[in-house]
There are 2 protein chains.
Amino acid sequence: MIASTPSPPYYAVIFTSLRTEGDNDYSAMADEMFERAKQQPGYLGFESAREGLGITVFYWRSLEDIKNWKANERHLIAPKTGGEKWYEQYKVRVLRYKSRYLC
Amino acid sequence: MIASTPSPPYYAVIFTSLRTEGDNDYSAMADEMFERAKQQPGYLGFESAREGLGITVFYWRSLEDIKNWKANERHLIAPKTGGEKWYEQYKVRVLRYKSRYLC
């Protein structure tokens, strides 16, 4: 469940969200999103937890892979086609891995 | 609950963990860790959720701030002084913010 990411370079997309009430087909969308991500080139793993606040981290080999993933997922996660029905609020951050921990 | 981070540059420390059984003073340690982080220079916010897997993201202004924080927190989170009693497994990643999302 802790993603076993490879040696760097790699990138993370942190998706933080507060959901709306009810399922509204969210589970089906989320399952499909995870399944599709796994099949994308450059996919390295994910970590996810929700406790009121939801945090999902996807790990990718390159920025190019993230761009391709986003292009592919646009119809699933774009605000215009459903963001409002699933999320009260959300934030997406793209980050580049720097180090395991700093000494 | 979604951290309202400022304009970049900034950094994230993603701490992913699986806990051991029981509290073992974990809650007290975690509360203290959050309180102390908030008082450190360069602290920008945090996001946290646990659902089996726990994900906590701390946001910081600079790598220097993360180094100082780590030096300060060593007695709390270093494996030798307690990691094993709280965590079955954990991983810490330091990342640099790249973009809001890629177009």
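Above this text sits the structure in question.
Attention here is on the structure that accompanies the text.

Parameters and conventions
- Residues numbered from 1 in each chain as written.
- Chains lettered and ligands numbered in written order.
- Predicted model: local features only at pLDDT ≥ 70, side-chain atom pairs only at ≥ 80, totals over all residues.
- Heavy atoms only, no water.
- Helix = DSSP H or I, 4+ residues; strand = E, 2+ residues; numbered from the N terminus.
- Buried < 20%, exposed > 50% of the residue type's maximum accessible area, 1.4 Å probe, protein only.
- Contact = heavy atoms within 4.5 Å.
- Expected span 1.5 Å × (residues − 1).
- Arc of directions from axis to C-beta.
- Least-squares fit on C-alpha atoms with pLDDT ≥ 70 in both.
- Pairing = 2+ DSSP bridges.
- Core = buried A, V, L, I, M, F, W, Y, C linked by side-chain atoms within 4.5 Å.
- Patch = residues over 30% accessible without salt bridge, like charges linked within 9 Å, V, L, I, M, F, W, Y side chains within 5 Å.
- Areas by Shrake-Rupley, 256 points an atom, 1.4 Å probe, with all protein chains shown as cover.
- Salt bridge = Lys/Arg side-chain N within 4 Å of Asp/Glu carboxyl O.
- Lys, Arg positive; Asp, Glu negative; His and termini not counted.
- Charge placed at Lys NZ, Arg CZ, Asp CG, Glu CD.
- Polar contact = N/O pair within 3.5 Å; in protein donor to acceptor, adjacent residues only side chain to side chain.
- Phe/Tyr/Trp six-rings, centres within 6.5 Å; stacked < 30°, edge-to-face > 60°.

## Some details on the environment of Ala3(A)
As for its position among the elements, Ala3(A) is in the segment before β1 (11-19). Given a relative accessible area of 7%, Ala3(A) falls into the buried group. In this structure Ala3(A) touches Gly45(A), Phe46(A), Glu47(A), Tyr59(A), Lys91(B) and Arg93(B), once residues within four positions along its chain are discounted.

## Overview of helix α1 (residues 26-39) of chain A
Residue and element names in this part refer to chain A. The terminal C-alpha atoms of α1 lie 20 Å apart, and with 14 residues this matches the ideal 20 Å at 1.5 Å per residue to within 8%. Among all positions of α1, only Tyr26, Met29, Ala30, Met33, Phe34 and Ala37 are buried. Burial along α1 is one-sided: seen end-on, the buried residues are contained in an arc of 130°. Residues Ala28, Asp31 and Gln39 are exposed on α1 and point more than 90 degrees away from its buried face.

## Looking at the relation of the copies chain B and chain A
Mapping chain B onto chain A calls for a screw motion: a turn of 180° about the axis and a shift of 0.0 Å along it, with 0.0 Å RMSD after fitting. Expressed as an axis order, the relation between the two copies is that of a two-fold axis. An overlap of 100% is found between the interface residues of chain B and their copies at the interface of chain A, pointing to a shared contact surface.

## Some details on the pairing of strand β3 (residues 53-60) of chain B
Regular strands place their side chains on alternate faces of the sheet. Residues and elements named next belong to chain B. Among the 8 residues of β3, 8 are classified as buried, and the element is accordingly described as predominantly covered. Going residue by residue along β3, you find Leu53, Ile55, Val57 and Tyr59 tucked away on one face and Gly54, Thr56, Phe58 and Trp60 tucked away on the opposite face as well. Bridge analysis of strand β1 (residues 11-19) against β3 gives 8 bridges, and the strand direction is antiparallel. If you follow Thr16 over to β3, its bridge partner there is Ile55. Inspection of the sheet shows strand β2 (residues 43-51) paired to β3 by 8 bridges, in the antiparallel sense. Of the residues in β3, the one forming a bridge with Ser48 is Thr56. Hairpin connection, β2 to β3: the antiparallel pair is bridged by 1 residue, and Gly52 has positive phi, about 80°.

## Examining the nonpolar core
Core analysis: the largest hydrophobic core is formed by 26 residues, its most contacted members being Ile14(A), Ile55(A), Val57(A), Ile14(B), Ile55(B) and Val57(B). Only β1, β3 (53-60) and β4 (87-99) of chain A together with β1, β3 and β4 (87-99) of chain B provide two or more residues apiece to this core. With sequence-adjacent residues up to four places away left out, Val57(B) is seen in contact with Ile14(A), Ile55(A), Ala12(B), Val13(B), Ile14(B), Gly45(B), Phe46(B) and Glu47(B).

## Concerning a positive patch on the surface
Side chains of Arg96(A), Lys98(A), Arg96(B) and Lys98(B) sit close together on the surface and give a patch of like positive charge. Those elements that provide at least two residues to the positive patch are β4 of chain A together with β4 of chain B. Residue placement: Lys98(B) occurs in strand β4.

## Side note on the side chain of Asp65(A)
All names here are of chain A. Its location among the elements puts Asp65 in helix α2 (residues 63-77). Among buried Asp, Glu, Lys and Arg side chains, Asp65 stands out as unpaired, with Arg61 the closest opposite charge at 6.5 Å. Here Ser62 takes part through its side chain, which lies 3.0 Å from a polar atom of the side chain of Asp65. With sequence-adjacent residues up to four places away left out, Asp65 is seen in contact with Pro41, Gly42 and Trp60.

## Some points on the packing of aromatic side chains
All names here are of chain B. Counting across every chain of the model gives 24 aromatic pairs over all chains. Ring geometry for Phe58 against Trp69: centres 4.7 Å apart, planes inclined by 55°, an arrangement best described as tilted. Of this pair, Phe58 sits in strand β3 while Trp69 sits in helix α2 (residues 63-77), and the two are 11 residues apart along the sequence. Overall, the relative accessible area of 2% leaves Phe58 in the buried class. Trp69 gets classed as buried once you look at its relative accessible area, which sits at 2%.

That is the geometry; function is a separate question.
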